[in-house]
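Coordinate analysis (summary)
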Amino acid sequence: MENYKSSIDRLARLFKKSRDIWKQRSLEKQARIKSLEIKVRDLSKSREQWKSRAKAAESQFSPSDTANSTELSLPIDEEKPRVLTGQFIPAEECSTLRPVKHQYLVYVIQLAVEQVMVSLNSFRGIEKTFESFAPFFNLPVPSFSSVRNWVLRLGLYQLLSTPAFAEDWIFIIDLTTELGTNKALVILGLRQFHLQKLLSQPEFIGLKHTDMEVLSIEILSSTKGEIIKSCLKKVSEQVGLPKQIISDHGSDVKKGVELFVEQYPQIIYTYDVTHYMALLFKEELATDTKYQSFLAHCSQTRSQVQQTKLSFLKPKSQRVKSRYLNVEELVDWGLKVLSYQEKGDFTAISTDWQLDSKSYQQLNGSVNSQCYQELNRLVNQTYTSLAEFQLALSHLATPLDDRATQRICEAANLGQKSFQQQLDWIEEFRDELPVYAQMVDLVHVAEKQLSHQGISSNSSAQFLATISKFSLTPRLEKFKDRINDYLIFEGNQVRANEVLWSNSNVLESIFGKYKLFLDKSPLSEISPLILTIPLSTIKLTGSWIKNALETISFSEVKAWAARLFKPSTLANQRAIFNPISHDTNLA
């Protein structure tokens, strides 16, 4: 009492008032708890009653009657509701499964993380989504920072998990680079016995993200061959020497893998088939003046038509890097435009018909002179359809034959004239585009075969059998032989009755997904969001999420990030351009 300066009477009165307030609050809470207990008891009792009544009613009907009655009860113009099945937590666990020392139930965490990894939603967008659904489903609303923390913790947990030690690992390795000096080396792993199981499935068409395991993610400022080799050696000590390594033969990775394979010559080093086929296209088309002219026309036309009525006909954009990976898209576009031209229906560009002065002058000499003079009154008159324009022609005093009518209509077709003005150059490549398309078809056959069946000693024979019905020119024969040489070389490295893998498409797909997350960031640079890569390779379950969040804390994520990453570019910009001023005097 010596620390208080107020009088004893005043203090006693204040303490008594404070006690009464807390006592009243305690009584109110006890009453609320009692009320909720009664409500839970009543709801449980009601639930049991309705459950028993539902079972009794169900027993009065056969399953077929029930199905028929359900079907008839739907409105005719509505579809049956689509039922989605997944790895979500059973309803009876939703009210109890919660990670230790966590506020949110596991099913809320899973819903949030699924929106990131499956729907590719942004963290702030997920918070808004929960706000939208909360009034209807009584959902809590986690903040965007909570969602981000969950994603990073789950990703780190998966990254730090120890894969099985084995001698049949297949490594898929590649680098991803963004803003700044850092590069991320990612090594995916797949067991050969697991690959053989997948290949035996009739519906198998390629590896999925969840078929892979992330064995290592290394953040590197230098990618010299010795550094790549040391990374491979480190991973091999943890999981065992790989049976096969697949890469795109990029200069950063190739030297390191070759140094590693020199030390362990039993390892098979496979050139990713997708990038090898792009290399074949480059060697075939880089010196092809016709194809280079086609590319130049595509680039020029794209910029000219993208803000016009012909925007739906614009060519595909060309890659800045690895531009020969999209040969198929450009060639396919060219063939479709030729087909569109042959149909002669340009109404999607314009439905108007007008004989302007220039077109009128061009008709001089191609139609009867008397008819030519009468056409003068139609010059610069706009008609909204072909039928309306032909009706105007029929009112001319001089009758027109079919050939003259066709010429006049072509001269007045504004849609066709717009097409010819911007895309008439495509006619120059009518003979070459089918040849390029056949090259694409040959590559498709090889890539599809390897994606469905893997690579083996029989790959070359299977490829030749598939294309035996193709009619090939001498140029295409040479191109086919180049593809077959690849299949022979890679197939000879595989033992008889064994199957290995041949492409890194699954890793490229994971990189593509990761870069979608970076696009939502203020600056695209290698950051802790790299942890979304290991999270892409698993199927989320309630028990896994609970165990992961109880194992990895956010402080461990921060320590991991501090060890690998320097302050971000955004943090440095803020420090320089928006320094925190300490101009407030303490009271």
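Since we're looking at a predicted model, the values are computed, not measured. Residue indices follow the written sequence of each chain, beginning from 1 at its first position. A pLDDT threshold of at least 70 governs which residues receive local features in this predicted model, and a stricter bar of 80 or more applies before side-chain atom pairs are shown or counted, although totals over entire chains, interfaces and linings include all residues. Hydrogens and waters are ignored; side-chain quantities use all the structure's heavy atoms.

1. Remarks on the overall build of the chain
Operational definition: Here a helix means four or more residues in a row that DSSP labels H or I, a strand means two or more in a row labelled E, and each is numbered from the N terminus. Exposure classes here rest on a 1.4 Å probe applied to the protein chains alone. A residue is buried below 20% of its type maximum, exposed above 50%, and partly exposed in between. Areas reported here follow the Shrake-Rupley algorithm with a probe of radius 1.4 Å; residue values treat only the protein chains shown as occluding.
Assigned secondary structure in the chain consists of 24 helices and 7 strands. Here the chain, with 587 residues, has 41% of them falling under the buried criterion. Of the accessible surface of the chain, which amounts to about 34900 Å², a share of 51% is contributed by carbon and sulfur atoms.

2. A closer look at the pairing of strand E3 (residues 213-220)
When a strand is regular, its side chains alternate between the sheet's two faces. Note the cut-off: Paired strands, as defined in this entry, are two strands with at least two bridges between them according to DSSP.
The element E3 is extensively covered by neighbouring structure, given that 7 of its 8 residues are classed as buried. Relative to E3, strand E2 (residues 183-191) runs antiparallel, the two being bridged by 7 bridges. In the sheet register, Val-186 faces E3, and the bridge partner there is Ile-217.

3. Re the pattern of salt bridges
Which entries qualify depends on this criterion: Salt bridge, as applied in this entry: a Lys or Arg side-chain nitrogen positioned within 4 Å of an Asp or Glu carboxyl oxygen.
Taken as a whole and judged by the stated rule, the model has 17 salt bridges. Residue Lys-336 pairs with Asp-332 through a salt bridge whose shortest N-O separation is 3.1 Å. A residue pair is termed a helical-turn pair when its members lie 3 or 4 positions apart in one helix, as Lys-336 and Asp-332 do in helix H11 (residues 327-343) at 4 residues. Note that Arg-430 is salt-bridged to Glu-342, the shortest N-O span being 2.5 Å. You can see Arg-430 sitting in the loop between helix H16 (414-423) and helix H17 (432-453) and its partner Glu-342 sitting in helix H11, a full 88 residues away along the chain.

4. Things to note about the packing of H11 against H17
Filter applied, for reference: For helices, the fitted line uses only the C-alpha atoms of the stretch in contact; every axis is such a line through C-alpha atoms, and the angle between N-to-C directions lies from 0 to 180 degrees. Angle categories: roughly parallel below 35 degrees, roughly antiparallel above 145, roughly perpendicular from 65 to 115, and oblique for all the rest. In a left-handed crossing the near helix is turned counterclockwise from the far helix by less than a right angle, and in a right-handed crossing that turn is clockwise. In what follows, residue pairs with any heavy atoms lying within 4.5 Å of each other are defined as contacts. Residues are sorted three ways: Asp, Glu, Lys and Arg are charged, Ala, Val, Leu, Ile, Met, Phe, Trp, Tyr, Cys and Pro are nonpolar, and all the rest, Gly among them, are polar.
Between H11 and H17, the least distance of the axes is 10 Å, while the angle of their chain directions is 135°. With respect to each other, H11 and H17 are oriented oblique. As H11 runs across H17, the sense of the crossing is left-handed. Counted together, Val-327, Glu-328, Val-331, Gly-334, Leu-335 and Leu-338 of H11 and Leu-433, Pro-434, Tyr-436, Ala-437, Val-440 and His-444 of H17 form the full contact between these two elements. For the contact of H11 with H17, the residue count by class is 9 nonpolar, 2 polar and 1 charged.

5. Quick word on the packing of aromatic side chains
Note the threshold: Here is the rule: rings of Phe, Tyr and Trp (six-membered ring for Trp) pair when centre to centre is within 6.5 Å. Planes less than 30 degrees apart are stacked, more than 60 are edge-to-face, and the remainder are tilted. Charge-over-ring contacts are defined here by two conditions on Lys NZ or Arg CZ: a distance within 6 Å of the ring centre and an angle within 35 degrees of the ring normal.
Within the structure shown, the criterion is met by 21 aromatic pairs. Centroid distance Phe-294 to Trp-333: 6.5 Å. Interplanar angle 45°. Geometry classified as tilted. Within this pair, whereas Phe-294 is found in helix H10 (residues 289-305), its partner Trp-333 is found in helix H11, the two being separated by 39 residues in sequence. The same class applies to Phe-294 as to Trp-333, namely buried. These aromatic residues form a ring-pair network of at least three members: Tyr-291, Phe-294, Trp-333, Trp-425, Phe-429 and Tyr-436. We note Arg-25 situated over the ring of Trp-22; from NZ or CZ to the ring centre the distance is 5.1 Å. Directly above the ring of Trp-169 sits Arg-191, whose terminal nitrogen or CZ lies 5.8 Å from the centroid.

6. Observations concerning helix H9 (residues 273-285)
Here is the rule we go by: Each residue after the first adds 1.5 Å to the expected span of a helix.
Helix length check: H9, at 13 residues, gives a terminal C-alpha distance of 18 Å against a target of 18 Å (1.5 Å per residue), a fit within 8%. Listing the buried residues of H9 in full gives Val-273, Thr-274, His-275, Tyr-276, Met-277, Ala-278, Leu-280, Phe-281 and Leu-285. Elements that come into contact with the buried residues of H9 comprise strand E5 (268-271), H10, H11, H17, helix H19 (474-492) and helix H20 (505-519).

7. Comments concerning the sheet that holds strand E1 (residues 169-177)
Here we have 5 strands laid out as an open sheet, ordered E3-E2-E1-E4-E5, and mixed in their pairing. In this open sheet, the two strands that pair with only one neighbour each are E3 and E5. When the angles between neighbouring strand axes are averaged without regard to direction, this sheet yields 20°. Strand contacts of helix H6 (residues 192-199): E1 and E2, with the helix running at about 65° to E2, the strand carrying the most contacts.

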